[in-house]
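Reading the structure
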Amino acid sequence: MADDDNFSVSTLDISEDTFDITEDGINDDDFGIPHLNDTETPSIDNILADEDILPPDIAQDITWKGSTGSLDPSLNISNVEDPAEFGSMVRHLRLKGISGNIEAAEGRGGGLPSALAVNTLVAIGTTHGLVMLFDARQILRLYLTPPNDTNEEVGAVSCLSLTESRLLVGHDLGTIHMWDITGQGRLLRTHRHLQPILHVRFTRLSTMAVMSDTTGSAYALSFHRPLGVRTTRSRCLFSGSRGEAVAIEPLLVGPSNKILFALASFSKLFFIQLKPTFKTIYVRAWAGDKRPALPVLAWHETFLLVARDTRIWITAVTAQGKMRPLQQISTPTRIRHDISSVVWLSARALAIIDSNEMLHLLDPASERRLESLDLNIVRCVTSAASFKALATGGQVSPALESVSSKARYYTFGSKSGGQMLALGLKGLHVIALRSWRERLAMVRSQPKKAMRLLRWLHETGELVSDTAAEIVVEWANGLSLPDAQPPSDEETRVCVETCLIVGKSDVLYNDVYDYLPMQSRRSMLAALEMWIISSELTYVAPRVLSDMVSHLAEVDPDRLETVITRLDPNGLDVDGLVRLSWSLELYNALIYIYNRALQDYISPAREMLSRLVKLVKENASKNLNNSSQESHRVLGNKLLVYLSCCLAGRDFTYGNMPSDVALSVRKAIFQLLLGCDQYGRYTNMATLLHFETCDFLNVLSIAFEEPQFKSVEGQRVRQAIINILIDLIMNSSTEGFSADQQGSLLMFLAQQLTRCGNLTLPDHLTHEVVSHLVKGKHENLLIEMFVSGILSCEDNQLEAILIKSRMYSVLEIIYEKRGLPHLTLRCYLEPRRPALFRFVRNILYQRDCTEEQRRLVISEVRRNLAAVVYTDQVKAAQLLVAELEISPSEIVSELRSDSLLQLEFLTGVIELKASPKNRELVIENPLIDLYVRLLYKHRTPEDIFKFLKKSDVYSITAIINICQEYHLDKCIAYLHIKSGNVVGGCRLLVKAIDAKFRLLLNTEAESEQSCKEDVQFEDVLDFVNLLVQTLQKQQMLVDDAEALWFSLLDSLVMPFKASSSGEHVFHHEVALKELIFNLLNSMIGHISLPKILTKIIEEPAYGTGSFGEVKELIFGMLATCNYEETLLALTNKIITHDVHWNFDKLRRTYRRGIRPIQTICQLCTKNISSVAMDDTVAVFSCGHAFHGSCLRQFGYVIETGDQDVEPQYFCSICRHDRDPMLTPSISLEAVAEQFRQRSTSYIQRTTNVQQIRKAQRRQNNKSLYFGNVASTPSSGFFESESFQLCLKPRKITYSSKSVNNNRLKLSLTNRKHSTLHYICVDNKYAIRYCTFALTTGGMRWQWISVLILRDSFLGCYYSSQPH
């Protein structure tokens, strides 16, 4: 920070005596400020279109993630280098003039500074209510004091809002003053508020402001002047009871017809529209930490920055006045304290001040910290006294009090030009961004840093090219000094990049290159080479280019070729580069120079072709060494590619030739290829054919695809070229082409025949083409030739050749054209193509096929059953059995010579039977028996078992006999279980397991039988798993289940007994122990735990063991016991809750009244009140009402004849069963008797439920696991067969007995013990609810008049007199 005594004006633009914050006092060029017309005020459209400020074009999304997002990519402050390495970006000094006035005011009793506002003037408020206004030259313009000089009436200045002509001052005691600052400082308005003012802000209109107080409420202030009287109206916008508004910032730009502002509380962010209508546009709750933290709001044009604790978000206002969603930008890790203030210095620099009074300069686009500055020396003022409301007794919320020390809303102010004002206790300070000239002056003594700074400045849009040229020249001149050190490669690279970036390449070539030593020149050439390869540099000075070419020709010719093809051809030394390219064999560079610099497309082809002719002749005479052969190969390949481009009209490097140029080039190339020597030989074409026949023919084939060859003249030229090729390769004995080269020509001719039908070839050559295609299995070309008509389908000789060569795809085309589908079918059968089934179906169902053709196809299918079945067994069964309706037995008999084929067919038939569409297919039992025998013969017993499990088309008895014949114990047991003999099947499995174990134990030759033991033990595992699954799934008697479980356990323990006696050695003890453990776990849910434990303890195999062997098992049992106890308790709880819920639902249903939706019977169209004395009125739950006699007459009542069973009613309108809510009425005594019976039934059901609960509480769960507890079953819920849980509401009917003239009675039986509800309904649908209490002395009742419409309870009144 600059000091008052040693401050030097010569080093800084801002002096302590003249702090110029007007537009005239700022150098526009230094800060990149656009020039404006003095007479024209920029509108919002101008601001949106300007490129040097934040573009608030809100029609597009803004991304703030990493370096990819920026308000304007061209203004990214740190997209090239780290700005901090170029010196400090900010300067800090104390404004001596304003600071002196602040100290003087304090000495005169004006108080300490408390608030700051900046516009064209600088306003500073004090703790004694004074306001001082300074101009740009630090001259005190106004000294505003409260009215009558009574400071106690207003308190300290807590907030300020400043425009060009008005000043709003908020005080701690709730007073707001408006001052006119254009003249001598006239007080215009005084608005008295009941609470201390925290914020007051002018909106876009000077006649409207927003404010907030210490209660957290926000208000809108409207300033009016009706009839010359100044008035102020306040309107509450946000109540403090919904959250405390602690930050408020209006939007000062945007649509002229809208007033918008942002408001932030401790919990949420609001964006509110004040005019033309008041509404909340956007609300966002703070995420993350819920502790109280001060939110900070800062506008820059239409972009809003929101900060809370250490996080920062940014958003924008759309053109329609909407708010885009918040996007968080990551803050530097050095910000460890809560953010207390944010100031926009520019669109590229953001000043963040934390609660520890550290200023962090941040680039919001790249999210990088640019610099940090300690502001503790400023001693920034805070709004702690205002936020604590000390002037009014401190009546604020704890949240507001806890953050009061961090409040600095009126401590900092900003002004255009990258300046920020900071208000301290002893003065005013300014923090400003340095201009690029100042920063350059700081690093000018270090050329490398200076040039990198200039590069960065150029990237950010500054005009620094001349300055960069001066610095580069100075650096180069310094190299010529006697004691100068040679520059490093990095310095040279930076110099080159700086000159090229700022557009001063002439300085690099003319002023720098000569001063560099040889090593540095090579570094410079390497840097230029990188720019050339990246296509960012296309011109190099001839002298520099000559050195670069010489250097690269020695070092790496390939790099030289790349450099030449990237440069502008107009600046090249054509003669020298052509000679160099020929000598170094740089054919790409050679073609580029000829094509681009000389516009010559023929000369490179002619020269390269002449060289290739010589190399081919030398190669034929065996005079080429390895390097020459490589040159020969490279030259030929380049020539073929170049010829292909010329004939196709494409440029060799990129793009296409102009159409007129392409036509002339193509014609000249063909003339070159077809040129003859003095002996009339086509030397050029023969050379290319000898070099690479196939590739050259491909070049011609591509050329023939051009539109020019579609014309008559083009076809004539193509025919001539093909004739020449035939003469050279096929008819010339002097050229010596091999058979492979002749084959390539034949393939080329076949392609041309299919693409151009009017090509003429000799007959013998056509036969050679066909023979070559047949020999090479080129079926596609043959098919195209047959389809296009080049080959005849009636050629029997060709057909025989194709049959011999097994080319069925071609034969298929021939037979289809002849109309022979049965022969076409052979083309599908031989290669066993699955498409044959679709082909047969098409023949069978197509209308254009004759019966003779169908008969021949079916006969062909019958003759080739083996091929059909082997192609796809399921589709074959579908075709033969389902579509051709051939009996499976007949097909099996025809296939009797091949048992494996019979198996495949029967497999397909059985899978076909399993499909839903073929359930009715009948398979004879002998076929099933044969299928099982074939499975045993050709497959494994496991396949038989899978078939038995998957299918049910067999006879169990017959299959059991077959399995017994083959000793298939597993299958036999499964069939017994499937037939219902579960116990017998399980016993067979136990016997099989015993037999398997005995076989393992009786094995004598251990070395020879070890593999066999493994296989057999796997079989044992399969048997055990099947038995366990059966015992777990099937239902059987408890004794049988226990016997089977323990028999299986004995079988598994038996090998241990034999091994412990020393008679045998068992090799699978570990696996068997694990198997036994799993078995015991499986038994837990089916056998009582005490019996399992008893069995384990009494088992001799465990007599010599330790507790560790059964510890896991016992602990598992205990865990299972605990689990089942928990499960049982939870189940009882759920059942109890369900019973209670259903009873409660019944109670609510009984208490619900039903209102008929019409007053007439829908069957007889008479009023429902006009009924006979013995008739009833039925009202259904749907609201429809009918006479009971009408329902009986039309058949909507079902009566069983039993008086105890109520009739079943049906609604004739709804057409489905709806229980009527009304039952036939009886006399009052009968109703009472019926109620007593139903009450008794209810009491019985309630008693039964209570017995369930008591039984559950008394039940001892130990009896389930450690033994049965003898008990005598008691009569109750479990023994009562008549117990029913009634979940249906009771039925109610109208009574025909009239109480008064137009009244109907409705009787309802309630489930209460001693209460009868009696309901009367009159014609106005008012229901009178009468309660009868049944006592020993008689009845008493009370009427309650209730009006019920459907489910709505409208009201009631009570009457003590009986009705």
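Everything here concerns the structure above.
Notes on the structure in this doc start here. Nothing here was measured: the structure is a model prediction, and the numbers come from that model.

Quick look at the overall build of the chain
- Secondary structure summary: the chain contains 46 helices and 38 strands in total.
- Evaluated residue by residue, the chain yields a buried proportion of 48% over its 1363 residues.
- In the chain, the proportion of contacts linking residues at least 24 apart, taken out of those at least 6 apart, comes to 55%.
- Approximately 67300 Å² of the chain is accessible, and the part contributed by carbon and sulfur atoms is 49%.

Focus on unusual backbone geometry
- Cis geometry is adopted by the peptide bond preceding Pro276, which originates at Lys275 and carries an omega value of 5°.
- Positionally, Pro276 belongs in the loop between β16 (268–275) and β17 (279–285).
- Notably, Asp309 is not glycine yet its phi reads approximately 45°, a positive angle.
- Secondary-structure assignment places Asp309 in the loop between β19 (303–308) and β20 (311–316).
- Notably, Glu357 is not glycine yet its phi reads approximately 60°, a positive angle.
- Considering the arrangement of structural elements, one finds Glu357 in the loop between β23 (349–354) and β24 (358–363).

Things to note about the pairing of strand β4 (residues 131–134)
- In β4, alternate side chains face the same way, and those of Val131 and Leu133 on one face and Met132 and Phe134 on the other are all buried.
- With four bridges connecting them, strand β3 (residues 122–126) and β4 associate as antiparallel partners. The residue bridging Ile124 from the neighbouring strand is Met132, located in β4.
- Examined bridge by bridge, β4 and strand β5 (residues 140–144) share four bridges and lie antiparallel to one another. For Val131, the partnering residue across the bridge sits in β5 and is Leu144.
- Once β4 ends, the chain turns through five residues before running back antiparallel as β5, passing Gln138 with a positive phi of about 65°.

Structural notes on the sheet that holds strand β25 (residues 368–374)
- Here we have four strands laid out as an open sheet, ordered β22-β23-β24-β25, and antiparallel in their pairing. Of all strands in the sheet, those bounded by a partner on one side alone are β22 (339–346) and β25. Averaged over all neighbouring strand pairs, the angle between strand axes comes to 20°, with direction disregarded.
- Strand direction decides the pairing type here: β23 and β24, joined by four bridges, are antiparallel. Paired with Leu350 across the strands is Leu362, a residue of β24.

Things to note about the pattern of salt bridges
- Evaluation of the coordinates by the stated rule reveals 34 salt bridges.
- Measuring nitrogen to oxygen at the nearest pair gives 2.9 Å for the salt bridge that ties Arg291 to Asp338. On the criterion of sequence distance, the pair formed by Arg291 in the loop between β17 and β18 (295–300) and Asp338 in the loop between β21 (327–329) and β22 is long-range, its members being 47 residues apart.
- Three or more residues joined by partner-sharing salt bridges are found here, namely Arg166, Asp180 and Arg186.

Structural notes on helix α35 (residues 941–950)
- Taken as a whole, α35 has its buried residues at Ile944, Phe945, Phe947 and Leu948. With its buried residues spanning 160° around the axis, α35 presents them on a single face. Turned more than 90 degrees away from the buried face of α35, the exposed residues are Lys946 and Lys950.

So, the packing of α35 against helix α37 (residues 969–979)
- Running from N to C, α35 and α37 point in directions that differ by 10°, and their axes come no closer than 10 Å. As judged from the angle between their axes, α35 and α37 are roughly parallel. Where α35 abuts α37, its residues Pro941, Glu942, Ile944, Phe945, Leu948 and Lys949 lie against Lys970, Cys971, Tyr974, Leu975 and Lys978.
- A breakdown of the residues in the contact of α35 with α37 according to their chemical character gives seven nonpolar, no polar and four charged.

A word on the sheet that holds strand β13 (residues 231–238)
- Taken in spatial order, the four strands of this open sheet run β10-β11-β12-β13, and their pairing is antiparallel. Each edge of the open sheet is held by one strand with a lone partner, namely β10 (197–202) and β13. Across the sheet, the axes of successive neighbouring strands diverge by a mean angle of 25°, strand direction being ignored.
- As paired strands, strand β11 (residues 208–213) and strand β12 (residues 218–224) are joined by five bridges and run antiparallel to one another. When the sheet's bridge partners are listed, Val210 is paired in β12 with Ala220.

Examining the state of the cysteines
- Within the structure shown, the criterion is met by zero disulfides.
- Cysteine Cys1190 is unpaired, with the sulfur of Cys1164 as its nearest cysteine sulfur at 3.6 Å.
- With relative accessibility at 7%, the residue Cys1190 sits in the buried group.

Remarks on the side chain of His92
- Along the polypeptide, His92 turns up in strand β1 (residues 90–95).
- In terms of polar contacts, His92 uses its side chain to reach the side chain of His429, at 3.3 Å.

Describing the environment of Leu823
- Relative to the assigned elements, Leu823 resides in helix α27 (residues 821–829).
- For Leu823, a relative accessible area of 15% gives the class buried.
- Spatially, the C-alpha atoms of Leu823 and Leu856 are 9.0 Å apart, while their sequence positions differ by 33 residues.

About the criteria used
- Residues numbered from 1 in each chain as written.
- Predicted model: local features only at pLDDT ≥ 70, side-chain atom pairs only at ≥ 80, totals over all residues.
- Heavy atoms only, no water.
- Helix = DSSP H or I, 4+ residues; strand = E, 2+ residues; numbered from the N terminus.
- Buried < 20%, exposed > 50% of the residue type's maximum accessible area, 1.4 Å probe, protein only.
- Contact = heavy atoms within 4.5 Å.
- Areas by Shrake-Rupley, 256 points an atom, 1.4 Å probe, with all protein chains shown as cover.
- Pairing = 2+ DSSP bridges.
- Axes fitted to C-alpha atoms, helices over the stretch in contact; angles between N-to-C directions.
- Salt bridge = Lys/Arg side-chain N within 4 Å of Asp/Glu carboxyl O.
- Arc of directions from axis to C-beta.
- Parallel < 35°, antiparallel > 145°, perpendicular 65-115°, else oblique.
- Nonpolar A, V, L, I, M, F, W, Y, C, P; charged D, E, K, R; others polar.
- Disulfide = S-S within 2.5 Å.
- Polar contact = N/O pair within 3.5 Å; in protein donor to acceptor, adjacent residues only side chain to side chain.

Note that all results are geometric; they support no functional claim without further evidence.
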